[in-house]
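# Structure at a glance
This is what each chain is made of:
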Amino acid sequence: MGEVKFVSNWEGVQSVPPDYIYPPEKRPGNVVVPMANAIPVVDLSTRDRPLLVRKILDASQEFGFFQVINHGVSRRVLEETTRIFKKFHAMSGAEKAKECSRDPYKSCRVYTSSENYRKEQTHCWRDALIFNCHPLEKYVHFWPQNPPKYREVVGAYCVAMRTLVLEILELVSEGLGLGRGYLASEMSENPLMLVNHYPPCPNPSLTLGLSQHCDPSLITILFQEVNGLQVLKDGQWIGVHPIDNAFVVNIGFVLQVISNGKLKAAEHRAVTNAKISRQSLTYLVYPKDEVTMEPAKCLINEANPPRYRALKFKDFQRNYLPRASDTKAVMECIGSNCS
Ligand code: OGA
Ligand code: NI
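Residues numbered from 1 in each chain as written. Chains lettered and ligands numbered in written order. Predicted model: local features only at pLDDT ≥ 70, side-chain atom pairs only at ≥ 80, totals over all residues. Heavy atoms only, no water.

## Here's the deal with the overall build of the protein
Cut-off, in case you're wondering: Only DSSP runs of H or I with at least four residues qualify as helices, and only runs of E with at least two residues qualify as strands; both kinds are numbered from the N terminus onward. Atoms considered for the radius of gyration are the C-alpha atoms alone. The globule rule reads 2.2 Å times the number of residues to the power 0.38. Think of it in three bands: with a 1.4 Å probe and only protein chains considered, a residue is buried below 20% of the maximum accessible area for its type, exposed above 50%, and partly exposed in between.
What the protein contains, in helices and strands, is eight helices and 14 strands. Against the compact-globule benchmark of 20 Å for 339 residues, the protein has a radius of gyration of 19 Å, which places it among compact chains. When the backbone C-alpha atoms are referred to their principal axes, the protein occupies close to 60 × 45 × 40 Å. Every one of the 339 residues in the protein was classed for burial, and the buried ones make up 53%.

Encoded structure:
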């Protein structure tokens, strides 16, 4: 394979190339998407724990999405981390590839569009950096060393994210009646950090930064400064308004399965921007490969039979990747009527 042509490293692009133009029914078009303030904002410093649990559960059921404020990750850590990743994506393609080449397991990777580049019908207007991040001491020595201080800054971010994830997972477990530690367990032991970079695009109505999908995670915690994330709610796209110093949390397929459909993974996508580049820091909370994902036993009874089959996470992932932008097809793979 020749050298990867990252969108960030294109120069003087005047129009969207044909293989980035989505079919009309999938294009964002010129429709103005409402920046509904409907996605609930949850203040994690709320002392009333039952209230906090209820807010998170309600949002997860209704939208599959919420934002969190007063989350304990310091502004300084967030700022330094976003700055480092912007510098990383601004490096040349060869430099980025070199910085990711230390990992013999290839878990630290840069790619463009999606991991399904060669088979996908339309490319997305996006470059991505992805890497394992927990436990830190297992992976940090495979990480890039450039831009300077990368490991120190990103390491601090990942440690802070881990704390936040465990806190949110305990609240969700409590809300579902699963008991302590049900989700803060091997179900969440293999998080990945995914840094999406969407350079300015000459015509955002024709293409997408990221196609419509649900995440293959337990939950996902995203940080965005520039708007572009949209969620499908009752057949309508709504924009997720960037709030200063807030994270967007969404439910993934794994939690949908564990909760036996009580919580839903919502479909979402990222649109591009004609003027400025956009970056999102996406912390994907994954189970370990060998973990079996299945509806929690305590949520199953005669009135509530399992709606999904038991599946090892690695087998689920293998099924997910080629179908990522076709949620119905993914659902068919995990449904209880499948073998
Ligand atoms: C993702 C994702 C949206 C965004 O990385 O899974 O949905 O706004 N990202 O970058
Ligand atoms: Ni996503």
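## As for the site of ligand 1
Convention followed: Here a residue is considered near a molecule or strand provided that any single heavy atom belonging to it is located within 4 Å of it. Values of accessible area rely on a 1.4 Å probe in the Shrake-Rupley scheme; residue burial ignores everything except the protein chains shown. Here the term charged refers only to Asp, Glu, Lys and Arg, the term nonpolar to Ala, Val, Leu, Ile, Met, Phe, Trp, Tyr, Cys and Pro, and the term polar to all other amino acids, Gly among them.
The environment of ligand 1 is formed by 13 residues, the closest being N196, Y198, H268, R278 and S280. Here ligand 1, which alone exposes 290 Å², has 96% of that area covered by the protein. Contributions of two or more residues to the shell around ligand 1 are made by β5 (192-198), β6 (210-213), β11 (268-270) and β12 (278-285). Tallied by class, the residues present in the shell around ligand 1 amount to six nonpolar, five polar and two charged.

## Considering the packing of aromatic side chains
For clarity, the threshold we go by: Centre distance within 6.5 Å is the pairing criterion for rings of Phe, Tyr and Trp, where only the six-membered ring of Trp is used; planes under 30 degrees apart are then read as stacked, over 60 as edge-to-face, and the remainder as tilted. Consider the ring centre and the ring normal. A charge sits over the ring if Lys NZ or Arg CZ is within 6 Å of that centre and within 35 degrees of that normal.
Evaluation of the coordinates by the stated rule reveals 16 aromatic pairs. Both rings, one in F253 and one in F316, keep their centres 6.0 Å apart while their planes meet at 75°; by these two values the pair is edge-to-face. Of the two residues, F253 is situated in helix α6 (residues 253-258) and F316 in helix α7 (residues 313-320); the sequence distance between them amounts to 63 residues. Across this residue pair, the class does not change: F253 and F316 are buried. Between the aromatic rings of F253 and Y320, the centroid separation amounts to 6.2 Å while the plane-to-plane angle is 70°, which identifies the pairing as edge-to-face. In this pair, F253 is assigned in helix α6 and Y320 in helix α7, connecting sequence segments 67 residues apart. Like Y320, F253 is buried. Through successive ring pairs, a cluster of aromatic residues spans F85, F88, F131, W143 and Y150. Just above the ring of W237 sits the side chain of R269; from NZ or CZ to the centre is 4.0 Å.

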